[in-house]
Amino acid sequence: ALLGRAMGKLQSKISFHPAKYRADGSVEETGPVRASRQLGPVHTDAVAAVAALTPDLCVSGGRDKSVAVCRWRSGAVLRRFIGHQREVTKVTSARDSNRVFSASRDKTVMMWELHRTSGPSQHFPGHDLVVTGLAVSPDASQLCTGSRDNTVCKWDVETGECLGRATISRNLVTHLCWVPGEPYVVQTSEDKTIRVWDSRQLQVAHAFPAQRHIQTSCDVSPDARLCLSTSSGCAGEGGEATLWDLRQTRDRVREYKGHFQTTTSCVFLPRGPALAPSIATASHDSTVKVWERDTGGRG
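Bear in mind that the values here come from a model prediction, so they are computed numbers and not experimental data.

S.K.: How would you sum up the pattern of salt bridges? Please name residues and give values.
M.R.: Across all of its chains, the model carries 15 salt bridges by this definition. In this structure, Arg99 and Glu113 form a salt bridge, with 2.9 Å as the shortest nitrogen-oxygen distance. Linking Arg99 in strand 10 (residues 99-104) with Glu113 in strand 11 (residues 108-113), this pair joins segments that are 14 residues apart in sequence. Arg252 is paired through a salt bridge with Glu255; the nearest N and O atoms lie 3.4 Å apart. For Glu255, a relative accessible area of 23% puts it in the partly exposed group. Here the salt bridges share partners, and the residues they tie into one network are Arg212, Glu240, Arg252, Glu255 and Lys257.

S.K.: Tell me what's going on with the UniProt feature "repeat: WD" (unreviewed entry) in the protein chain, and back it up with residues and numbers.
M.R.: The UniProt feature table records "repeat: WD" (unreviewed entry) at residues 81-114, 124-165, 173-207 and 256-299. Segment residues 173-207 splits into 0% helix and 63% strand. End C-alpha atoms: 14 Å apart.

S.K.: Pulling in residues and values, what's your account of the nonpolar core?
M.R.: Residues Leu53, Val59, Val67, Val69, Val91, Val100 and Trp112 are the most contacted members of the largest nonpolar core, which totals 14 residues. The set of elements that each furnish at least two residues to this core consists of strand 5 (47-52), strand 6 (57-62), strand 7 (66-71), strand 9 (88-93) and strand 11. Each residue touching Val67, except ones within four places of it in the same chain, is listed here: Val59, Ser60, Arg79, Arg80, Phe81, Val88, Val100, Ser102 and Trp112. In this structure, Ala94, Phe101, Phe124 and Leu143 belong to the second largest nonpolar core, which totals 13 residues.

S.K.: How would you sum up the sheet that holds strand 19 (residues 194-198)? Please name residues and give values.
M.R.: What the four strands build is an open sheet, ordered 17-18-19-20; its pairing is antiparallel. What marks the edges here is a single partner per strand, and that holds for strand 17 (173-178) and strand 20 (203-207). If you compare each strand with its neighbour and ignore which way they point, the axes differ by 30° on average. Here five bridges tie strand 17 to strand 18 (residues 184-189), and the two strands are oriented antiparallel to one another. Looking at the pairing, Val173 lines up with Ser189 of strand 18.

Cut-off values and rules
- Sequence positions are assigned chain by chain, starting from 1 and proceeding in written order.
- In keeping with the predicted nature of the model, local features appear solely for residues at pLDDT of at least 70, side-chain atom pairs appear and are counted solely at 80 or more, and the whole-chain, interface and lining totals rest on all residues.
- Side-chain metrics rest on all non-hydrogen atoms present in the structure, leaving aside hydrogens and water.
- For salt bridges, the criterion is a side-chain nitrogen of Lys or Arg within 4 Å of an Asp or Glu carboxyl oxygen.
- Helix and strand assignments come from DSSP, with helices taken as H or I runs of at least 4 residues and strands as E runs of at least 2, each series counted from the N terminus.
- Relative accessibility decides the category of a residue: with a 1.4 Å probe and only protein chains considered, values under 20% of the type maximum give buried, values over 50% give exposed, and everything between is partly exposed.
- UniProt positions are given in the numbering used here, feature names are shortened, and annotations may be inferred rather than shown by experiment.
- By convention a nonpolar core is built from buried Ala, Val, Leu, Ile, Met, Phe, Trp, Tyr and Cys residues, the set being connected through side-chain atoms within 4.5 Å.
- Contact definition: two residues touch when any of their heavy atoms are within 4.5 Å.
- Any two strands with at least two DSSP-identified bridges between them are counted as paired.
- Axes here refer to lines fitted to C-alpha atoms; in helices the fit is confined to the stretch in contact. Angles between the N-to-C directions go from 0 to 180 degrees.

This is the structure:
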């Protein structure tokens with residue numbers, strides 16, 4: 001939800017030039033600059049979440065209770081799904097599939113088919129409070145959800161059946177991320193803990209040492225070796241992102257400090273042919289920062 005949290009409305013300015021945005025706010029130009037385009041809003045109120053659907057399409061959800069699928073290059077809205085009774089909090093999809101999943105403050109999760117009717121093709125009710133975590137398995141057969149009701153649930157995507165439910169006291173879920181190619185799910189929480197769940201038994205396989213601040217989001221590297229988490233913060237205290245090793249050592253690898261308020265989201269960036277591995281973070285301080293993953297340097 002990097003873009004969704006960084007923008008109030010999905011009004012994207014797409015620049016048709018290669019430029020490298022540094023964490024200190026400077027821009028290194030690497031090619032000729034051409035005019036940018038202002039795209040119209042996709043939603044009528046604040047956007048809470050956005051995720052990739054295919055290389056050309058993205059899905060978003062927000063306070064207007066709708067889920068939209070659009071072409072990110074042109075801003076054209078291909079589908080709009082209506083069904084939630086309250087704000088949409090999370091969206092996700094199985095990469096390169098036609099299925100979209102959305103979570104909401106109405107305590108439910110819904111599945112939508114890109115090429116079918118506008119109504120949901122599956123409902124996943126069962127949480128007692130707002131759903132704040134949503135992740136689909138790599139094979140798109142299972143769904144994992146989390147909530148402020150301290151629970152994590154596992155669902156069968158085809159039938160909508162709840163396959164498991166686990167409750168941990170004070171585990172107010174903030175985000176979920178499925179580890180690529182693995183049965184594990186990474187989860188962040190308001191109790192300042194990052195947990196790794198084994199989805200097969202829906203049990204905690206590992207918990208990293210508790211952090212100093214609420215953990216707000218997480219992401220997992222494409223090779224499944226590393227994960228990122230982000231922290232709440234205020235006035236320069238907190239707001240860091242932390243890199244963790246998911247392999248046997250499970251150590252804290254590095255911290256990225258530079259945001260002055262809560263860091264709301266993070267992502268491992270695709271690696272270019274001649275570029276060092278990089279990550280990006282977004283914050284309530286109105287900035288998006290790009291970092292060199294392996295040194296902590298500001299891109």
